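# Architecture and fold: a report
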Amino acid sequence: GACSFSPFPAPTAMPPALTAKCPVLAAAVVAVAFWMFPQSAASPVLRSTPSPTGEASLVSCAYGYHMSPDRLVVASAVDENREYYHNVSCRFVVAASQIIFNYVDIDRGDQLHVHAGYDLKLDAQNADFCLTRMQLPSPIADPAPITSTSGYFSFWWVTNEGGARSGWNFTILASTVTTEAPTPMPTTTQKLVSPPTLSPSTVTAATTTNPVQTCFKYNAEGSVQHYTSATGPDGMYFNNVSCRFVVEASTIQFDLFDVEWQDDYLEIFFGDDEKVSAGMADSHKVTGTLLPSPIAKPKPLKSTSGHITLLWSTNEQQTNRGWSFVTLNASTPSPTFQPRFQSASSPEPNLPPTAFPTTNPRSVATSRLLNTELPSLPDSSPIGFRYFYHHLTCDETERAIVCAPLHSETITRIDTGTETIISMPVQTTDGEGQNPKYATCGSVEGDMILCSPYSVQHALYIDATGGSTLAETMTDRSYPEKEKYVACSAIGRKLYCAPYRASGVLVIDAETRTSRKLTDVTYTSEYKYYYDSCAPLSSKIYCAPFDSQYVLAIDSATDTSQQWTSINYGSSLSKYSTCKALSPANSRTKIFCAPYHADNVLVIDPDDPAGETSYALKQARLTGDYQFSSCAVSGAKLICAPEEARQVLVIDANPDAESYRLIGLPFEGAQKHYMGRSCVTKASLVYCAPWDSQYVLKIDVSQESTMLLTDEEYPNPDQWGQCNLDPTGNNRIFCAPARPNSILVIDV
């Protein structure tokens, strides 16, 4: 159980401490009870490093862990940087028969000892296993449940003075697990055969051994190929290895992964050597100790190209057991994994009274609802919407945030300094009763907000100069079409709107308080350009196709528009949603667009020396419908929260290798669903208000990590789709409600 050596067993055997223990319990217990040592009043950061093998000088669970309000999720306590505390020694017991770790991210020297039994004085020798130097979930492994036949789990969380990371988080489950043992990975007694050809220019080794022999070994049995890292007589891989090789397979699955934390790594590219050399292959870099593990199960890695390239790199220091994987194809069944964690059969102890922390360490960021409520909306469902909604569009003025009505009858002004709201009726004219009213507004020069009509017949202007708010509809022209405009961008004192179902581009002029439709081109297709799919660049606005086949360019200098018909993006529906201009250092600005139903990222490059152009980034396919609609810019990256996707999308405008990748833990069920304009950037952090999710989402762009702020739970559907930074400069984000009657405030 100690972490002084490899914390997990060899692939062919269960841990010695577990082999003689009882089978899995048939039913799970969901009651949770904690027992804590007396808490130290001093900050643990200032204490000396506790010994991992003996009694520590510091016993502090106030800085050790916290739990969710429903008492079903337990996590390591973290500081304002979302990292666990230094020099902590915390022991606690959970009364539960089954748990699953949602994530583990523990640095070297820090350890979470786990025992499937009741032990208030748990030490390293009595732990069933120890977690350290590990990140889970991983590209090659997912969490797996573990079960205690005693009905208890004991933990000892020990950290030192060194590095700190995100920590750990587990959930108490209310279900059973199978009693079958894991099915072993395919094995073979065949003689080792010659390995595939390595990339000739990439193999180096600071040893006298043949480079191929220090890289990997290879054998085959039927259609299954088995690759392992080359090892010496001691069973450990070699130092100073750097080799790259290609495997012809659509899927691989690891059964062993144990390499030196961070210093040694295996980088896995989805593509052949040519794509890797050209920088066109998506990749994952894996390090640490992952498999086999009681808390993890192998996860297949799939390549649509039929080729997987691997880069194996080690330094001159510590070596471990290495890695091992098999290749799978359509006719090869994936090795099954049925988790079993056998635990000690200890008698049920007499528990002290159940105790929970009186104060839980929280993230610096928290969320809350303003006390003032908006007028209630009807409970029925209007055509095209699940419910009646208050607002889907807001913009900042100098002192406030102003939101245009969608189904409500009033404009909402949020005075961010006093955290008060004012509801103001819209001055409408005859025929203005249609719903929904306004789906998109934009701030223009002069502290004015202009709003394009959705089903109403007239545009809306909101004058916020001087701290007051005046709103009126523009009656100079009527637009009788339905579902007219949802994608707009401002240049100067004008708002330009691409047609959704309208027949032409709309221009709203704050100077003259008039609107008009450009008549140079008539657009006849349905659902052409969608919510937030237009982005300004210099004097033009560029819009990604939704149901349209072409990129749209609007020129504010000439008041003309045109579609780039030279590049056809096909007749598929609902292709791209949010577009933003990204400006990497020492390179030209381009517009990047997140996929909605498309399987790639769209790039619009108006300043290409060869002429205006656009193209699709095609790496690993982004599959699914309704993937991303809420994105925020952070530096030269576009960060998109999942609507129906399972992870956060990062689009990187790095000119050396434009790319996109999925980051963070997978979202399941009610955890996802962030929609509209609900994501806002503050420094290197992105915060997203929940739509159908229960929690605010926080994305750390610099670390490329994600977390849910569980300080408050928001369990209702269709909640917040528009968020804005406090224009007065305070560290707050205000989110206007769709279905709820309350403003959401995120304190960052």
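Residues numbered from 1 in each chain as written. Predicted model: local features only at pLDDT ≥ 70, side-chain atom pairs only at ≥ 80, totals over all residues. Heavy atoms only, no water.

### Observations concerning the overall build of the chain
Broken down by element type, the chain carries two helices and 55 strands. Within the chain, the fraction of its 748 residues that count as buried is 57%. Long-range pairs, those at least 24 residues apart, make up 65% of the contacts in the chain between residues at least 6 apart in sequence. As displayed, the chain offers around 29300 Å² of accessible surface, 50% of which is attributable to carbon and sulfur atoms. (Helix = DSSP H or I, 4+ residues; strand = E, 2+ residues; numbered from the N terminus. Buried < 20%, exposed > 50% of the residue type's maximum accessible area, 1.4 Å probe, protein only. Contact = heavy atoms within 4.5 Å. Areas by Shrake-Rupley, 256 points an atom, 1.4 Å probe, with all protein chains shown as cover.)

### Looking at the pattern of salt bridges
Taken as a whole and assessed by the stated rule, the structure comprises 27 salt bridges. When the shortest N-O distance is used, the salt bridge between Lys580 and Asp532 registers 3.7 Å. Of this pair, Lys580 sits in strand 41 (residues 576-582) while Asp532 sits in the loop between strand 36 (514-517) and strand 37 (534-537), and the two are 48 residues apart along the sequence. For Lys580, a relative accessible area of 26% translates into the label partly exposed. Residue class for Asp532 comes out buried when judged on its relative accessible area of 11%. One continuous salt-bridge network, built from bridges that share partners, spans Arg368, Glu419, Asp726, Arg732 and Asp747. (Salt bridge = Lys/Arg side-chain N within 4 Å of Asp/Glu carboxyl O.)

### Some points on the pairing of strand 53 (residues 720-725)
With five of its six residues buried, strand 53 lies for the most part within the structure. Where strand 53 meets strand 54 (residues 732-737), five bridges bridge the pair, whose relative direction is antiparallel. By the bridge assignment for strand 54, Trp720 is matched with Pro737. Count of turn residues in the strand 53/strand 54 antiparallel hairpin: six residues, of which Gly729 carries a positive phi of about 95 degrees. (Pairing = 2+ DSSP bridges.)

### Overview of the sheet that holds strand 29 (residues 440-444)
Taken in spatial order, the four strands make up an open sheet running 29-30-31-32, and their pairing is antiparallel. With partners counted over all chains shown, the strands left at the sheet margins are strand 29 and strand 32 (470-473), one partner each. Averaged over neighbouring strand pairs, the angle between their axes works out to 20 degrees when direction is ignored. As paired elements, strand 31 (residues 460-463) and strand 32 share four bridges and run antiparallel to each other. Residue pairing for strand 32: Tyr461 is matched across the bridge by Glu472. (Axes fitted to C-alpha atoms, helices over the stretch in contact; angles between N-to-C directions.)

### As for the side chain of Arg739
Structurally, Arg739 can be placed in the loop between strand 54 and strand 55 (742-747). A polar side-chain atom of Arg739 sits 3.4 Å from the main-chain carbonyl oxygen of Phe388. In contact with Arg739, other than residues within four places in its own chain, are Leu377, Pro378, Asp379, Tyr387, Phe388, Tyr389, His390, Pro717, Asp718 and Gln719. (Polar contact = N/O pair within 3.5 Å; in protein donor to acceptor, adjacent residues only side chain to side chain.)

### Some points on the side chain of Asp258
Note on placement: Asp258 falls in strand 16 (residues 251-258). Within the local environment of Asp258, its side chain forms a polar contact with the side chain of Asn320, the two groups lying 3.3 Å apart.

### With respect to the state of the cysteines
Each disulfide consists of a covalent bond between the sulfur atoms of two cysteine residues. Under the criterion given, the structure shown has nine disulfides. One disulfide bridge connects Cys579 with Cys593, the sulfur atoms lying 2.1 Å from each other. An S-S torsion of about 115 degrees defines the bridge between Cys579 and Cys593 as right-handed. Taken as a pair, Cys579 in strand 41 and Cys593 in strand 42 (residues 590-595) lie far apart in primary sequence, 14 residues in all. Residues Cys579 and Cys593 agree in their burial class; the two are buried. For Cys679, the disulfide goes to Cys688, at an S-S distance of 2.1 Å. Where Cys679 bonds to Cys688 through sulfur, the torsion about that S-S bond is close to 110 degrees, and the disulfide is right-handed. Assigned by exposure class, Cys679 and Cys688 land together as buried. (Disulfide = S-S within 2.5 Å.)

### Things to note about the pairing of strand 17 (residues 265-269)
Burial analysis of strand 17 places five of its five residues in the buried class, the great majority of the element. Burial along strand 17 is two-sided: Tyr265, Glu267 and Phe269 and Leu266 and Ile268, pointing in opposite directions, are all buried.

### Remarks on the environment of Gln98
As for its placement among the helices and strands, Gln98 is situated in strand 4 (residues 98-106). Residues Gln98 and Ser148 lie 50 residues apart in sequence; the distance between their C-alpha atoms is 6.2 Å. A distance of 3.3 Å separates polar atoms of two side chains, one belonging to Gln98 and the other to Thr147.

### Regarding the packing of aromatic side chains
A full pass over the atoms with the stated rule returns 32 aromatic pairs. Here the aromatic rings of Tyr63 and Tyr85 are separated by 4.9 Å at their centres, their planes lie at 75 degrees, and the arrangement is edge-to-face. Placement of Tyr63 in the segment before strand 1 (65-67) and of Tyr85 in the loop between strand 2 (73-76) and strand 3 (89-95) is noted, with a sequence separation of 22 residues between them. With a centroid separation of 5.0 Å and an interplanar angle of 10 degrees, the aromatic rings of Tyr227 and Phe325 are classed as stacked. Of the two residues, Tyr227 sits in strand 14 (residues 224-229) while Phe325 sits in strand 23 (residues 322-328), which places them 98 residues apart along the sequence. Each member of the pair Tyr227 and Phe325 is classed as buried. Taken together, the aromatic side chains of Phe216, Tyr218, Tyr227, Tyr237, Phe245, Phe254, Phe257, Trp312, Trp323 and Phe325 make up a single cluster linked through ring pairs. Between Arg91 and the ring centre of Trp156, over which it is positioned, the NZ or CZ distance is 4.2 Å. Here the basic side chain of Lys285 rests over the ring of Tyr265, its NZ or CZ set 4.4 Å away from the ring centre. (Phe/Tyr/Trp six-rings, centres within 6.5 Å; stacked < 30°, edge-to-face > 60°. Lys NZ or Arg CZ within 6 Å of the ring centre and 35° of its normal.)

### With respect to the sheet that holds strand 54
Read from one edge of the open sheet, four strands run 24-55-54-53, paired in antiparallel fashion. Two strands close off the open sheet at either side, each with one partner strand: strand 24 (366-373) and strand 53. Sheet twist, expressed as the average angle between the axes of neighbouring strands with direction ignored, equals 30 degrees.

### So, the confidence of the model for the chain
Overall, the predicted model of the chain reaches an average pLDDT of 78, with 80% of residues at or above 70. Confidence over residues 175-212 falls short of pLDDT 50; this stretch has 74 contacts with residues more than four positions distant or in other chains. Across residues 330-363 the pLDDT falls below 50, and counting only partners more than four positions away or on other chains, this stretch makes 92 contacts in the model. (pLDDT = per-residue confidence, 0-100.)

### What to know about unusual backbone geometry
You will see that Asn87, though not glycine, has its phi angle at about 55 degrees, which is positive. Relative to the elements of secondary structure, Asn87 occurs in the loop between strand 2 and strand 3. Relative accessible area serves as the criterion here: at 0%, Asn87 is assigned to the buried category.

### Regarding the environment of Phe546
The residue Phe546 is located in the loop between strand 38 (540-543) and strand 39 (552-555) in this model. Classification of Phe546 by relative accessible area gives buried; the value is 5%. Here the alpha-carbon distance between Phe546 and Tyr529, two residues 17 residues apart in the chain, equals 5.0 Å.

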